[in-house]
Amino acid sequence: MSAPVRHGRLGAGRYLAAGERPAATVTSVHELTTVDGASVRGVLATVPGARTVVTLMHPRQDVTHHPLVPLLLQAGVAVWTQGSRSPNNDLTLVHEQALLDAAAGQVFLRDRGFDSVVTLGHSGGGALFAFYHEQAGREPGQRMATTPGGRPTRLADAVMPVPDAAVFLAPHPGQGRLLLGCIDPSVADEHDPLSVVPELDPFDPANGFAEPPTSASYDEDFLRRYRAAQRDRVARIDAVARESLARTAEARAAYARTGAAADRRRALAPRILTVFRTDADPRTVDLSLDPSERPYGSLFGARPDLINYGQVGFGRLATPEAWLSTWSGLSSNAGFVRCAPGVTAPTLFIELTGDQAAFPSDSRRMVEALGAADLTRTSVRGLHFGAAIADGEPTGAELAAAEIADWLGSRFATAPPTPGPNQRR
């Protein structure tokens, strides 16, 4: 039996099947080269008469088939979906390099002659584009010169067109800030995934945990100690990363002096950080904290108490450079709140009421930090990745697309809607 097809309504009486692009869509794949010589790929989908293009990008994931793509096309705008230099592989993800990737896409879109270019950052794409807006808005010489690990960024050498507007859909606070909230501080030994400091264990009933799906109940004293211990653990991992990078820098300097193969090997040999247990935000199991319409559980599933001990989780494997640039909530430059004052273009911020990654207090801080004078904040019912909260409801992606279409239509040129083959009037 085939699965039921959900239809999204966009405009009076017009419907588009989920995942279906308008019949007149023209799609092309493009390989781009960044200022530092990396190759990135993007897909441009457009409809007749489109003068505005919305660009989606995520630092770690392929967004080619993002559910908003067909809905935005039906709204009369072109859509550019772009990957970073290593999509679906964040082992070496350096956010400053991802900005160079984004810049190549922005140059490409300007060269295509679109009247307006709008960034759309969903989830981790939100902090990425906030970081891009901030750095693009600076004179080249004022951009960040080095990564948190001390390597040159090349941002001053890049052409970084400033986008005409920004849309943020369920942005979380940034990869590092997100991990800072869900890393398990009860790990007693970074070499032993089962080691536990009992008084910090979030999944111990003695600390307030309850058998799922009953909501846990943590007291303020535990949460205060827990949050402080999370910062302490990240700081310890930062120190390990910096020590490793210092050894690598010493080896490079030695090779420059000696030309010896042994020194070159030391400079090339990677240190891969393994970070155990990163699915332990108390808010995922204690629904009284930062209350919202979210269901019990984390982005990874309904049993964080088990998932936390498995292979799945944020930032589990990273080079020292990638850890400091992307996953450290203490060292990364790519925190949404830090970057948000530099987002001065017209901005639409959409929350999803059942979000399990961006909680209400996070969203409030992000909105308050944005520098845009033309700022619209709204919320729609849905889960973090755009699914419906309950069966039979419109998806969060459909509801968000309607908000985005209205907002874009009031500010930028949009093409007349193009019917799809399964649409009805």
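Please read all numbers here as calculations on a predicted model, not as lab measurements. (Residues numbered from 1 in each chain as written. Predicted model: local features only at pLDDT ≥ 70, side-chain atom pairs only at ≥ 80, totals over all residues. Heavy atoms only, no water.)

Q: Got a minute to help me understand the overall build of the protein in this structure?
A: Each helix and strand counted, the protein has 11 helices and 12 strands in total. Taken over C-alpha atoms, the radius of gyration comes to 22 Å for the protein, in line with the 22 Å a tight globule of 425 residues would show. Seen through its principal axes, the protein has C-alpha atoms that stretch 65 × 60 × 45 Å. Every one of the 425 residues in the protein was classed for burial, and the buried ones make up 56%. (Helix = DSSP H or I, 4+ residues; strand = E, 2+ residues; numbered from the N terminus. Rg over C-alpha atoms; globule rule 2.2 N^0.38 Å. Buried < 20%, exposed > 50% of the residue type's maximum accessible area, 1.4 Å probe, protein only.)

Q: What's the story with the packing of aromatic side chains in this structure? I'm lost.
A: Working definition: an aromatic ring pair is given by the centre-to-centre distance plus the angle between the planes. Taken as a whole, this structure holds nine aromatic pairs when the rule is applied. Both rings, one in Phe168 and one in Phe336, keep their centres 5.0 Å apart while their planes meet at 75 degrees; by these two values the pair is edge-to-face. Residue Phe168 is located in strand S8 (residues 165-169), and its partner Phe336 is located in helix H9 (residues 336-339); the two are separated by 168 residues in the primary sequence. Both residues of the pair, Phe168 and Phe336, count as buried. When the ring of Tyr218 is compared with that of Phe222, the centres are 5.3 Å apart and the planes differ by 20 degrees; the resulting orientation is stacked. Tyr218 sits in the buried class, given a relative accessible area of 7%. On the accessibility criterion, Phe222 (2% relative accessible area) is buried. Members of the aromatic cluster, connected to one another through ring pairs, are Phe168, Phe336 and Phe349. Positioned over the ring face of Tyr255 is Arg264, at 5.5 Å from the centre of the ring. (Phe/Tyr/Trp six-rings, centres within 6.5 Å; stacked < 30°, edge-to-face > 60°. Lys NZ or Arg CZ within 6 Å of the ring centre and 35° of its normal.)

Q: Looking at this structure, I do not really get the pairing of strand S5 (residues 52-57). What am I missing?
A: Consecutive side chains along a regular strand alternate between the two faces of the sheet. Taking burial as the measure, the six residues of S5 include six buried ones, the bulk of the element. On S5, burial covers both faces: Thr52, Val54 and Leu56 on one face and Val53, Thr55 and Met57 on the other are all buried. Strand direction decides the pairing type here: S5 and strand S7 (residues 116-122), joined by five bridges, are parallel. Opposite Leu56, over in S7, you have Leu120 as the bridge partner. (Pairing = 2+ DSSP bridges.)

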